[in-house]
Structure formats: C-alpha cells, structure tokens
Amino acid sequence: MNSKKDPALPAKPKNNFSRRGFMRGVGIGSGALGTGLLEKEAAAAPAAAKVVGPGPVPITLEINGKPVHLTVEPRVTLIDALRNHLDITGAKKVCDRATCGACTVIMDGKTVYSCTVLAIDAQGKKIETIESLGTPTKRHPISQAFWDNDAQQCGYCTPGFVMASKGFLEEHPNPTMAEVEHGLGGNICRCGTYMGIRKAVLEAAAAMKKGGKNG
Amino acid sequence: MFEGVEAFYRPTTVREALHLLRKAKGTARIVAGGTGVVPGGDRSVRFLIDITRAGLSYIRKRGGAWTIGATTTMAEIEDSAEMRMLAGGLLASAAAACGSVEIRSMATVGGNMANGSPAADLAPPLLALDAEAAIAGTAARRKMPLADYLAAVCAGKMKNALLVEIVFLEPSAARGGWCFQKFGRTAVDISLVNVAAGLQLDARGRVKWARIALGAVAPLPLRMPAAEALMTGRILDRALLAEAAESVSDTVHPIGDIRASADYRREISRVLTGRALEQCAARAGYSL
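If you're wondering where the values come from, they're calculated on a predicted model, not measured in any experiment. (Residues numbered from 1 in each chain as written. Chains lettered and ligands numbered in written order. Predicted model: local features only at pLDDT ≥ 70, side-chain atom pairs only at ≥ 80, totals over all residues. Heavy atoms only, no water.)

A.B. asks: So what about the overall build of chain A? Which residues, and what values?
C.D. replies: Counting secondary structure elements, chain A contains 7 helices and 6 strands. Of the regular secondary structure in chain A, the N- to C-terminal order runs α-α-β-β-β-α-β-β-β-α-α-α-α. In chain A, which comprises 215 residues, the share counted as buried stands at 47%. Partitioning the intrachain contacts of chain A with sequence separation of at least 6 by distance along the chain shows that 58% fall at a separation of at least 24. By element, 56% of the accessible surface of chain A is carried by carbon and sulfur atoms, the whole surface being about 10,700 Å². (Helix = DSSP H or I, 4+ residues; strand = E, 2+ residues; numbered from the N terminus. Buried < 20%, exposed > 50% of the residue type's maximum accessible area, 1.4 Å probe, protein only. Contact = heavy atoms within 4.5 Å. Areas by Shrake-Rupley, 256 points an atom, 1.4 Å probe, with all protein chains shown as cover.)

As structure tokens, then:
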C-alpha cells in the first residue's frame, strides 16, 4: 500500500500524524513480494496482454477534471485509492460490498459503487466525487436542497446520496416522487431520512432547471 | 479483500484471455464489471484477467439472430432501443431489475451468467428465449444451450472456459406476449423469485406455445416444461393460467434462507407465474 502522490496535487500540510498516514506507513512493504508469476508465460504469450503488477503500479486517474498520479497494487479498489492514497475522503467506505451506496461516485457519467471498481480499471475514465460539487459558501443545488430539507442526520450516507442524486437527475431531469424512490434504491440511510432526501431531490431538480448552468 | 491478488491482466483478445486463464491453473478470475468478483474478495485469487478491453461489448443482429457480447452491461441492455422492443422489452426489463443503478452501470450479462447464481435476473428471460451460450475453451469456440452452460458452471466445469456471447433468435411477435416479473425484499435486492414467460396464441385463442422460466427456486434457473406442455394447444383462460401456475409451484424446489422460507418462495412462484402469464396474454392482445 505504498502510495506516491503527484507533486502537482494541491499540497497537503504534512505536519500532522493522521490515521490514514499511519495506515499507509504500516502497509508499506506488504505488497511487492509477489513475483514469479504468469509474467514469464505471458511474455511468451501473445504479446499484447497487458500485465499490471505484481506489486504497486503507477496509474493516472482523472478525478474531478484533474489528472492525478498514484501508485497502487492491482487489488486496490477505487474507494481505497481515493481515501487512503489521495486523501479524497468525501466518498465513504461503509459496507465495502456493493450494497449501501455510501461510496457512490460518478464514472463516465454513470453512478457506480467505488468499492466494486478496481482503481487500475478506473484509468481513462472521468471520475466525479462529492468534492467537485460547489463550495461551502456556494453550494451545488443538490447540496443546497439536502441542506434545506434536512436530508441528513448523521450524514455518513450523504455524499453517496448526493452523487447518486446527481447521476439520477442527469438522466431524469423531471422526476416524479416514485422515480426518485426507485432511482435512489441503491443507497441506504440508516437514520431513515429518506423523506427528506426525496423532497430534496425533487427540489434540486426544479432548482437546476431554473439555474441551468450550476447543475 | 483480495490480499492474494498479485497481478492484473488486460487482454485485448479472447485468445489471450484464455491463454492466461489456462496458465493460471485455477488461480485466476475473469473480471468484467467487478460487481461480483471485487466485493467477493476471494483470497485464493492470484490473478485478475479483465476482459472489458477484449471487444465483447455489443448488441448485434445477424440474420434473424441477436448476439449480446459478454461484457455488455445491464445499463446498456436496459437503455438499448432494440432490446426495449425485442420480445416486448423482456430482456431490457430484466436488466433494469438487476440490482441498483450503481450495479447496473458496471454489471455485465456475462458476469450474470458465469457467476452461476440461481437468482441471476437475466437467466429466466434468456432461457425463455431459448438462448445459446458461445463458449471459448481449450478447443474451438462452441455454442451450447444456455441451460447446459449454467448447469456446467454450477458443476464447476467452466473454470477454464470463457463465455463470449449470448445468441438467441428473434421471437415471432404476432399474437404473442412476454413478461418478466421479479419479487424481492426491496426493488434492488436479490430476487426471491424471478419469472420470465412468453406465449403465442392462434386466431381462436389457443396457445401455440408457452415458455416459462424461473430463477432462485432451485440450484439453477429452470425452464418449466411440464407447465409449458399443459398449456400448449388449449384455449387460454383463467383456469388454464391457474393450472400452469400450480404446476410451476409443484415443480420448483427452493431453499429457505434469511430472506424467505422455502414454502414462501414456492407460493411466490405460483403467484408470480400467474401474474406473468396474465401480462403475456394482455400483451398478446387477448382478454381473459
């Protein structure tokens, strides 16, 4: 799990001892051991079979419009790459088994569970995370609608719900309540704020139609 | 989570993928959408072979036959104008019922079949369409009935083979109707029971043929030949639908688990089959 960050990334204060930093440190060295693989055979095999690994490999992901370079083992999922390697912690890792939706991001315009996508497989795709949506002072219409409708309680599912809502609204700009309910079926809120969320999505749909650009 | 994975391959042809699969001697897994393999995190897996660049994402018609490439996603099937038309949108509606939107963006028809789940939502419609599976293995490519492929997967005999595409003939549309029905704990949960049905009637309302397939009610998704046979040649009415649904519930042998008891699944099989056939009749323009 040793990761190398691209110097082009916004510089992070390095002074603090963070949990994520600690985990990264512990992870170093656990990877690069696997050798003696299919490689030799693959080399003999039809040449085009691209081998990635063993051990960490450098990859480039396009996250929120910016190319980001990092080094991950082939087994690392997109959610782990975002959170543990890039400190992009908006998407949450909760069930880690494609059920809860807290890790939802948008990849090439489609909502996906980032816990089911391998980071190396996300290369060449446009990845949008919650971090791309507005700022605390100038909120995205969906975030604003969530705010206005108390569409969160503990808030842990919220980034996933907001991204799922964005993906949903791009395909259904004029949704009905029933469509919202069905379209967000892949996200779970344990606090049970579904009514607020559904209202927020309907409100966001109206706001985005009026606002046009911001959506 | 995949601690054992050492390398990742991205073959650009089926031949390369097969070559890698054979060399790995059972320690490799084919991965496409990743919605099954990645969260599964099987620790015995040492190599991942990603086939999404092997050119297997397509929906094509050749002659009277449709072919769907193995890495075609649920979302692509659901959104395909052709699939929405074909057999009254039977496949498109099953794809649209397969998990949440986040799953459908990634999950593929090949994964849905090769995973060997008895609850696979595309299995009943494809079985009802008499689909065949095109398999690349040690020998040349071959086609086999999808039912045989699913049985072979279930028996663990497909570990060194690759599902390349699904092939089926366009069914006749005249006085015919199709329907997919799913019943789950929630709209996105795994099916407790899923049913695909189709029938064609003659001008006097007699059943020319009926096709019924169910999932999640046995170790494999199953066609229901007894129920199909008892309908064939008879005038379609409510009594006949009830009889066919009864026959289905006698044929299935579901398990009980945390989601539902075996008895409950059996009862749901009867009810869903009845609903599916009723819809088929309505879509065939026939009033019961």
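A.B. asks: Describe in detail helix 1 (residues 14-23) of chain B, supporting the description with residues and values.
C.D. replies: All of the buried residues along helix 1 of chain B are Val14, Glu16, Ala17, Leu18, Leu20 and Leu21 of chain B. Lysine 25 of chain B, located one to two residues past helix 1 of chain B, shows a positive phi value of around 50 degrees.

A.B. asks: Would you mind going over the nonpolar core in detail, with residue names and values included?
C.D. replies: Ranked by internal contacts, the top residues of the largest apolar core, which has 81 residues, are Leu91, Met113, Leu122, Leu126, Leu146, Tyr149 and Phe168 of chain B. Formed by 27 residues, the second largest nonpolar core is a distinct cluster that contains Leu214, Ala244, Val248 and Val252 of chain B. (Core = buried A, V, L, I, M, F, W, Y, C linked by side-chain atoms within 4.5 Å.)

A.B. asks: Report on the packing of helix 11 (residues 238-251) of chain B against helix 12 (residues 262-283) of chain B, specifying residues and quantitative values.
C.D. replies: Residues and elements named next belong to chain B. Between helix 11 and helix 12, whose axes approach to 8 Å, the crossing angle comes to 145 degrees. The interaxial crossing formed by helix 11 with helix 12 has right-handed handedness. Along the contact surface, helix 11 presents Arg238, Leu241, Ala244, Ala245, Glu246, Val248, Ser249 and Asp250, while helix 12 presents Arg266, Ser269, Arg270, Thr273, Gly274, Leu277 and Glu278. When its residues are assigned to classes, the contact of helix 11 with helix 12 shows 5 nonpolar, 4 polar and 6 charged. (Axes fitted to C-alpha atoms, helices over the stretch in contact; angles between N-to-C directions. Left-handed = near helix turned anticlockwise from the far one by under 90°. Nonpolar A, V, L, I, M, F, W, Y, C, P; charged D, E, K, R; others polar.)

A.B. asks: Outline the pattern of salt bridges, listing residues and values.
C.D. replies: Two side chains bearing opposite charge may form a pair once their charged atoms approach each other closely. In total, this model carries 26 salt bridges over all chains according to the counting rule given. Aspartate 79 of chain B is the partner of lysine 110 of chain A in a salt bridge, and the nearest nitrogen-oxygen pair spans 3.5 Å. Here aspartate 79 of chain B lies in helix 3 (residues 74-79) and lysine 110 of chain A lies in strand 5 (residues 110-113), a pairing that spans two chains. For lysine 110 of chain A, a relative accessible area of 25% puts it in the partly exposed group. You can call aspartate 79 of chain B partly exposed: its relative accessible area is 42%. Residues arginine 53 of chain B and aspartate 121 of chain A are paired through a salt bridge, measuring 3.5 Å at the closest nitrogen-oxygen approach. With arginine 53 of chain B in the loop between strand 3 (47-50) and strand 4 (59-62) and aspartate 121 of chain A in the loop between strand 5 and strand 6 (126-128), this pair bridges two chains. (Salt bridge = Lys/Arg side-chain N within 4 Å of Asp/Glu carboxyl O.)

A.B. asks: Break down the pairing of strand 10 (residues 191-201) of chain B for me, with residues and values.
C.D. replies: All names here are of chain B. The buried fraction of strand 10 amounts to 11 of the 11 residues, a majority that puts the element mostly inside the structure. Relative to strand 10, strand 9 (residues 176-184) runs antiparallel, the two being bridged by 9 bridges. Residue pairing for strand 10: glycine 177 is matched across the bridge by leucine 199. Two successive antiparallel strands, strand 9 and strand 10, enclose a turn made up of 6 residues. The antiparallel hairpin formed by strand 10 and strand 11 (residues 207-215) contains 5 residues in its connecting segment, where glycine 205 sits at a positive phi of about 85 degrees. (Pairing = 2+ DSSP bridges.)

A.B. asks: Please give an account of the interface of chain A and chain B that cites residues and values.
C.D. replies: The partner chain B presents 37 residues to the 42 residues of chain A that form the contact. Buried area between chain A and chain B, summed over both chains or domains, comes out near 3,100 Å², and the portion from carbon and sulfur atoms is 62%. Taken together, chain A and chain B are joined by 3 salt bridges. Put simply, chain A and chain B have 6 residue pairs in polar contact (both at pLDDT 80 or more) between them. Among the elements of the structure, helix 2 (39-44), strand 1 (50-52), strand 4 (104-107), strand 5 and helix 6 (177-183) of chain A are those that each provide at least two residues to the side of chain A that touches chain B. The element contributing the most residues to the side of chain A that touches chain B is strand 5 of chain A, with 4 residues. (Buried area = accessible area lost by both parts, 1.4 Å probe. Polar contact = N/O pair within 3.5 Å; in protein donor to acceptor, adjacent residues only side chain to side chain.)

A.B. asks: Describe unusual backbone geometry, with residues and values.
C.D. replies: Residue and element names in this part refer to chain A. For asparagine 64, which is not glycine, the phi torsion reads 50 degrees and is therefore positive. Assignment of secondary structure puts asparagine 64 in the loop between strand 2 (57-63) and strand 3 (66-72). Although it is not a glycine, aspartate 87 sits at a positive phi angle of roughly 55 degrees. Mapped onto the elements of the fold, aspartate 87 is located in the loop between helix 3 (78-85) and strand 4.

A.B. asks: Tell me about the packing of aromatic side chains, and please be specific about residues and values.
C.D. replies: Ring pairs (aromatic) are described by centroid distance and by the angle formed between their planes. Scanning the entire structure with this criterion turns up 4 aromatic pairs over all chains. Between phenylalanine 161 of chain A and tyrosine 194 of chain A, the ring centres sit 6.3 Å apart and the planes meet at 75 degrees, which makes this aromatic pair edge-to-face. Here phenylalanine 161 of chain A is found in helix 5 (residues 158-171), whereas its partner tyrosine 194 of chain A is found in helix 7 (residues 194-211), with 33 residues between them in sequence. By relative accessible area, phenylalanine 161 of chain A is classed as buried at 2%. When the ring centre of tryptophan 147 of chain A is taken as reference, the NZ or CZ atom of arginine 139 of chain A above it lies at 3.8 Å. Directly above the aromatic system of tryptophan 209 of chain B lies the positively charged group of arginine 211 of chain B, at a separation of 4.7 Å from the ring centroid. (Phe/Tyr/Trp six-rings, centres within 6.5 Å; stacked < 30°, edge-to-face > 60°. Lys NZ or Arg CZ within 6 Å of the ring centre and 35° of its normal.)

A.B. asks: How would you summarise empty space enclosed by the protein if you had to cite specific residues and measurements?
C.D. replies: Going through the model one piece at a time under the given rule, you end up with 1 cavity of 30 Å³ or more. Forming the walls of the largest cavity are Gly116, Ser117, Pro118, Leu150, Cys154, Pro219, Leu220 and Pro221 of chain B. (1 Å grid on protein atoms, 1.4 Å probe; cavity = no way out; pocket = protein on both sides within 12 Å on 5 of 7 lines; lining within 4 Å. Points joined across faces, edges and corners; volume = space filled by probe spheres on them.)

A.B. asks: Give me the lowdown on the domain arrangement of chain A, citing residues and values where you can.
C.D. replies: Residues and elements named next belong to chain A. Splitting chain A by domain gives domain 1 (55-130) and domain 2 (133-215). With 17 residues of domain 1 in contact, the opposing surface of domain 2 contributes 14 residues. Regarding the contact of domain 1 and domain 2, the summed buried area is about 1,300 Å², with carbon and sulfur atoms giving 57% of it. At the boundary of domain 1 and domain 2, one finds 2 salt bridges. Put simply, glutamate 128 and lysine 166 hold a salt bridge, and the shortest N to O gap is 2.7 Å. Taken together, the connections running from domain 1 to domain 2 amount to 6 residue pairs in polar contact (both at pLDDT 80 or more). Mapped onto the side of domain 1 that touches domain 2, the elements with two or more residues apiece are strand 4 and strand 5. In terms of residue count, the dominant contributor to the side of domain 1 that touches domain 2 is strand 5 (3 residues). Considered class by class, the residues forming the side of domain 1 that touches domain 2 number 6 nonpolar, 7 polar and 4 charged. (Domains from an automatic or database assignment.)

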